[in-house]
Amino acid sequence: MLRVAAFLLVLFSILLVLRALRQVLAFFLRPPSRPPAPREVAGEMVRDPVCGTWIDRRLAMPAGSGAGIVSVCSEKCRNALEAARR
C-alpha cells in the first residue's frame, strides 16, 4: 500500500511539473501581441440642436415632421424640441 501511495505521489508531482512547463513554454512561444487598431468613425456626425451633443447620424433619433426633421440624441431632447415647436 505504501508503494502505491508513493507511486501516485510521484506521478502527481510529475504531472504538476509538466503542466507548469507547458504554461511557461506557451508564454514564451506565443506570438507577440499587436496594439488594437484605431477605431474609425464611419458615419456622419450631427449636432443635437437641443443640448449640443455630437452624435452619429445613424444613431440619432428623428424629431419634427415634414421638411423640418432634425436629429436628436435622446427621447428627452426630442420631447423638449417638440414642446418648443408648439
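Along each chain, residues carry numbers from 1 onward, in the same order as the chain's sequence is written. In view of the model being predicted, local features appear only for residues whose pLDDT reaches at least 70, and side-chain atom pairs are presented and counted only at 80 or more, with totals across whole chains, interfaces and linings using the full set of residues. Water and hydrogen atoms play no part in the side-chain values, which are based on all heavy atoms of the structure.

A. Up close: the overall build of the protein chain. For helices the rule is a DSSP run of H or I covering at least 4 residues; for strands it is a run of E covering at least 2, with both sets numbered from the N terminus onward. If you tally the helices and strands in the protein chain, you get two helices and four strands. In sequence order, the secondary structure elements of the protein chain are arranged as α-β-β-β-β-α. Atoms considered for the radius of gyration are the C-alpha atoms alone. The globule rule reads 2.2 Å times the number of residues to the power 0.38. The C-alpha atoms of the protein chain give a radius of gyration of 31 Å, which is well past the 12 Å a tight globule of 86 residues would have. Summarising its shape, the C-alpha atoms of the protein chain cover approximately 90 × 30 × 20 Å along the three principal directions. Type-normalised accessible area, obtained with a 1.4 Å probe on protein chains alone, sets the label of each residue: buried when under 20%, exposed when over 50%, and partly exposed for intermediate values. Looking at the protein chain as a whole, 14% of its 86 residues are labelled buried.

B. Broad picture of the nonpolar core. To define a nonpolar core, start from buried Ala, Val, Leu, Ile, Met, Phe, Trp, Tyr and Cys residues and group those joined through side-chain atoms within 4.5 Å. Within the largest apolar cluster, five residues are counted, these being Met61, Ala63, Val72, Cys77 and Leu81. Those elements giving two or more residues to this core turn out to be strand S3 (61-63) and helix H2 (75-85). Two residues form a contact once any of their heavy atoms are found within 4.5 Å. Not counting chain neighbours up to four residues away, the residues in contact with alanine 63 comprise Gly68, Ile69, Val70, Val72, Arg78, Leu81, Glu82 and Arg85.

C. Layout of the state of the cysteines. We call a pair of cysteine sulfur atoms a disulfide when they lie within 2.5 Å. Across all of its chains, the model carries zero disulfides by this definition. Cysteine 73 forms no disulfide, and the closest cysteine sulfur to it belongs to cysteine 51, at a distance of 3.6 Å. The class of cysteine 73 is partly exposed, set by a relative accessible area of 24%.

D. Quick look at the packing of aromatic side chains. Paired rings are identified among Phe, Tyr and Trp, the last through its six-membered ring, by centres lying within 6.5 Å, and are further divided according to the angle between planes into stacked (under 30 degrees), edge-to-face (over 60) and tilted (the rest). Taken as a whole, this structure holds one aromatic pair when the rule is applied. Judged by centre distance (5.2 Å) and plane angle (80°), the rings of phenylalanine 27 and phenylalanine 28 are edge-to-face.

E. Main features of the pattern of salt bridges. We define a salt bridge as a side-chain nitrogen of Lys or Arg found within 4 Å of a carboxyl oxygen belonging to Asp or Glu. The tally for this structure, following the rule as stated, stands at three salt bridges. Ionic pairing is found between arginine 58 and aspartate 56, a salt bridge with its closest N-O pair at 2.6 Å. Classification of arginine 58 as exposed rests on a relative accessible area of 60%. Take aspartate 56: its relative accessible area is 10%, and that puts it in the buried class. The partner of arginine 78 in a salt bridge is glutamate 75, and the shortest N-O contact between them spans 3.7 Å.

F. Quick peek at the side chain of aspartate 48. Checked against the element boundaries, aspartate 48 lands in the loop between strand S1 (45-47) and strand S2 (54-56). No salt bridge is formed by the buried aspartate 48; its nearest oppositely charged neighbour, arginine 47, is found at 8.1 Å. Beyond its immediate chain neighbours, meaning those up to four positions away, aspartate 48 contacts Thr53, Ser71, Val72, Cys73 and Cys77. A positive count includes Lys and Arg, and a negative count includes Asp and Glu. His and the chain ends are not counted in either.

Spatial relationships are all this shows, so hold off on functional conclusions.
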